[in-house]
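Structural overview for review
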Amino acid sequence: MTQPIERVVIVGAGTMGVTLAKLMLAHRLPVRMIDKQATALEACRREIERTFSEHLAAAGEFDVQTHWSQEGETSIIIESVTENLAIKRAVIAEAEAHCAATTLIVTNTSGLSIDAIGQGMRHPERLAGAHFFNPADLIPAVEVIPGAATTKATIHHTCTFLTGLGKRPAVLNQSVPGFVANRIQHAIMRECLSLLEKGVVDAEALDEIVQFSIGVRLALNGPLMQRDLNGLDTHLNIARYLYEDLEDTHTPSRLLEEYVAQGRLGAKTGQGFYSWDDARIKRQEHQTRDSLERIIAVAMEEKRSGNDGER
Ligand SMILES: NC(=O)c1ccc[n+]([C@@H]2O[C@H](COP(=O)([O-])OP(=O)(O)OC[C@H]3O[C@@H](n4cnc5c(N)ncnc54)[C@H](O)[C@@H]3O)[C@@H](O)[C@H]2O)c1
């Protein structure tokens, strides 16, 4: 990136938009937040002021708008609205109408097709997926996804921007539904739900097994490096007898459908796999953020000290 970034325009002041704004502001990038809901913008402003002090917002580095303004060429636009193709397309069309032909536009979709989101764009070559993880100001990885029309220069620009934010961009070769992280997360959850449905294990025991075995190992090594260390012949021997027994349903689990139909949505409704009250939620949120920071620091230190999977 040769020119300094004039402003980062974040569209969608929801869960992700707020942590994206924190990330940009922590790196001293001016932020404009756009959301059609004034209440979402107010909540976002309050959270930003709480985090960075009122001084920052007053200095004009952060502003909020319900409508678009014309943006300069060196702004970057991050689309982070509701995960709905029609809404995202409409937002991208508005973005294109309010920026220069070369302005970088990235979408934070969790797994919708980049080509489908970019359909109808005048300049689809400057659209890329940049899938952040929640909270975006903390989690290092960002999946970078090209569409069929995305140029190499756009991917390079996206990665340079992300690296400048202290992120670890990882580029996919093509866009597939769910990209990499959500495909793997859902493959794991499909098996977890199947094990619960079959009564093989209870929720507490399942979480205990996964967290303190695969979980702690994955914090330090990706699954492929971990398997290299374990031996691929051993993995193959297990795969030969196990796969015929693994869950391979093409529809969401019955248990999950039932829970959601009953309003059992997890912490936000007080009941999911576990029971939740406000105190437990607060404790967990605080503990998770604090612990994540420490785990990330350990994982980064491991990488720095040479455990980086040279091929
Ligand atoms: N929540 C996560 O853990 C997570 C993680 C990674 C990526 N994502 C992705 O990030 C995106 C946003 O997710 P979220 O969890 O922040 O959603 P959210 O529902 O919390 O927020 C979405 C915001 O978009 C706004 N919006 C909707 N239509 C709009 C429009 N036309 N113009 C302007 N604003 C509009 C809504 O008012 C709302 O404030 C989604 O694509 C989601 O898949 C979410």
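Rules of the game
- The residue numbering used here restarts from 1 in each chain and proceeds along that chain's sequence as written.
- Selection of residues for local features in this predicted model requires a pLDDT of at least 70, selection of side-chain atom pairs for listing and counting requires 80 or more, and totals for whole chains, interfaces and linings are taken over all residues.
- Water and hydrogen atoms were dropped before computing side-chain values, which therefore reflect all heavy atoms in the structure.
- Labels follow the DSSP assignment, with helices taken as runs of H or I lasting at least four residues and strands as runs of E lasting at least two, numbered in each case from the N terminus.
- The globule rule is 2.2 Å times the number of residues to the power 0.38, and the radius of gyration it is compared with is taken over C-alpha atoms.
- A simple rule labels every residue: compare its accessible area, found with a 1.4 Å probe on the protein chains alone, to the largest value its type can have, and call it buried under 20%, exposed over 50%, or partly exposed in between.
- What makes a salt bridge here is a side-chain nitrogen of Lys or Arg within 4 Å of a carboxyl oxygen of Asp or Glu, nothing more.
- Aromatic contacts are taken between Phe, Tyr and Trp rings whose centres are within 6.5 Å, Trp giving its six-membered ring; a plane angle under 30 degrees counts as stacked, one over 60 as edge-to-face, and the others as tilted.
- Any Lys NZ or Arg CZ that is within 6 Å of a ring centre and within 35 degrees of that ring's normal is treated as a charge sitting over the ring.
- Here the bounds of each domain stem from an automatic or database domain assignment.
- Any residue with a heavy atom lying within 4 Å of a molecule or strand is counted as near it.
- N or O atoms within 3.5 Å of each other form a polar contact, as long as, within protein, one can give a hydrogen and the other can take it, and as long as residues adjacent in sequence are counted only when both atoms are side-chain atoms.
- Each accessible area is a Shrake-Rupley estimate made with a 1.4 Å probe; only the visible protein chains count as cover when residues are assessed.
- Among the buried residues, those of types Ala, Val, Leu, Ile, Met, Phe, Trp, Tyr and Cys that are joined through side-chain atoms within 4.5 Å form a nonpolar core.

**Quick word on the overall build of the protein**
Looking only at helices and strands, the protein has twelve helices and eight strands in total. A compact globule built from 311 residues would reach a C-alpha radius of gyration of about 19 Å, and the protein, at 21 Å, matches this within 12%. Projected onto the principal axes, the alpha-carbon positions of the protein cover approximately 60 × 45 × 40 Å. Across the 311 residues of the protein, 36% fall into the buried class.

**Some remarks on the pattern of salt bridges**
Side chains that differ in sign of charge can pair as their charged atoms come close. Per the counting criterion, the structure on display carries 13 salt bridges. Of the charged contacts in the structure, one is a salt bridge between Arg 7 and Glu 71, with a shortest N-O distance of 2.8 Å. Note that Arg 7 is positioned in strand β1 (residues 7-11) and Glu 71 in the loop between β3 (62-65) and β4 (75-79), a separation of 64 residues in sequence. Two residues, Arg 294 and Asp 290, come together in a salt bridge whose shortest N-O distance is 3.4 Å. Linking Arg 294 with Asp 290, this pair stays in helix α12 (residues 278-304), spanning four residues, or about one helical turn.

**What to know about the packing of aromatic side chains**
The description of an aromatic ring pair rests on the distance of the ring centres and on the angle between the ring planes. Here the structure, examined in full by the defined rule, presents one aromatic pair. Its guanidinium or amino end placed over the ring of Tyr 259, Arg 264 lies 3.9 Å from that ring's centre, counting from NZ or CZ. In this arrangement the basic side chain of Arg 280 is found over the ring face of Trp 276, its NZ or CZ atom lying 4.9 Å from the centre.

**Here we look at the domain arrangement of the protein**
Interface size is commonly expressed as the accessible surface area that is lost when the partners come together. What the domain assignment lists for the protein is domain 1 (7-171) and domain 2 (181-251). For domain 1 and domain 2, the distance between their C-alpha centres works out to 33 Å.

**Some details on the site of the ligand**
Around the ligand, 23 residues are found, and the nearest of them are Met 16, Asp 35, Glu 83, Lys 88 and Ser 110. A distance of 2.9 Å separates an oxygen atom of the ligand from a polar side-chain atom of Gln 37. Side-chain polar atom of Lys 88 to an oxygen atom of the ligand: 2.7 Å apart, as the coordinates give it. Relative to its unbound accessible surface of 840 Å², the ligand loses 77% to contact with the protein. For the shell around the ligand, the elements supplying multiple residues, two or more each, are α1 (15-26) and α4 (85-97).

**Looking at the nonpolar core**
Counting residues in each nonpolar core, the largest one holds 34 residues, and the members touching the most others are Val 8, Ile 10, Met 24, Met 33, Phe 62, Phe 132 and Phe 161. For this core, the element with the most residues is α1, which contributes seven residues. The next biggest cluster of nonpolar side chains, apart from the first, holds 18 residues, and it includes Ile 34, Ile 77, Val 81 and Val 91.

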